[in-house]
Amino acid sequence: MSEKLRVSRPERVVGVLSCPNANCITTENEPVESSFEVLSDGVRCGYCDTIVRDEIAALIDND
Ligand SMILES: [Zn+2]
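Residues numbered from 1 in each chain as written. Predicted model: local features only at pLDDT ≥ 70, side-chain atom pairs only at ≥ 80, totals over all residues.

In this section: the overall build of the chain. Within the chain, the secondary structure is distributed over zero helices and four strands. N-terminal to C-terminal, the α/β element order of the chain is β-β-β-β. Across the 63 residues that make up the chain, the buried fraction comes to 11%. Contacts in the chain between residues far apart in sequence, at least 24 positions, make up 40% of those at least 6 positions apart. (Helix = DSSP H or I, 4+ residues; strand = E, 2+ residues; numbered from the N terminus. Buried ≥ 20, exposed ≤ 12 C-beta atoms within 10 Å, placed from the backbone. Contact = placed C-beta atoms within 7 Å.)

Here we come to the pairing of strand E2 (residues 35-38). In terms of strand pairing, strand E1 (residues 12-14) meets E2 through three bridges, oriented antiparallel. Considered in E2, the bridge of Arg12 is made with Glu37. As paired elements, E2 and strand E3 (residues 43-45) share three bridges and run antiparallel to each other. Directly across from Glu37, in E3, lies its bridge partner Arg44. With antiparallel pairing between neighbouring strands as the criterion, E2 and E3 make up a hairpin whose turn holds four residues. (Pairing = 2+ DSSP bridges.)

Attention now moves to the nonpolar core. With five residues, the main nonpolar core is built from Leu17, Cys19, Phe36, Val43 and Cys45. Dropping the residues within four chain positions of it, Leu17 is found in contact with Ser34, Phe36, Val43, Leu59, Ile60 and Asp61. (Core = buried A, V, L, I, M, F, W, Y, C linked by C-beta atoms within 7 Å.)

Right, let's talk about the sheet that holds E3 for a bit. Here we have four strands laid out as an open sheet, ordered E1-E2-E3-E4, and antiparallel in their pairing. Lying at the two open borders of the sheet, with one neighbouring strand each, are E1 and strand E4 (51-52).

If you trace the backbone, Asp41 turns up in the loop between E2 and E3. With 10 residues separating them in the primary sequence, Asp41 and Ile51 have C-alpha atoms 9.6 Å apart.

Bringing the environment of Glu55 into the picture now. By secondary structure assignment, the location of Glu55 is in the segment after E4. Judged by the 8 C-beta atoms lying within 10 Å of it, Glu55 is exposed. For the pair Glu55 and Gly42, spaced 13 residues apart in the sequence, the C-alpha separation amounts to 9.5 Å.

Have a look at this one:
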């Protein structure tokens, strides 16, 4: 089972969100899972430090 389901507020979400930065390594054809640090008011990409505060739901990768 996924551990993140047991944590009400994970500090990091991996492989769930897609980075909005087109130049981010996670959006290229690299076998890299996205990783976002959870902030108090948004999330920050662990690779390019792009901070997203709005429309986080729109970044969820439904693949
Ligand atoms: Zn990124």
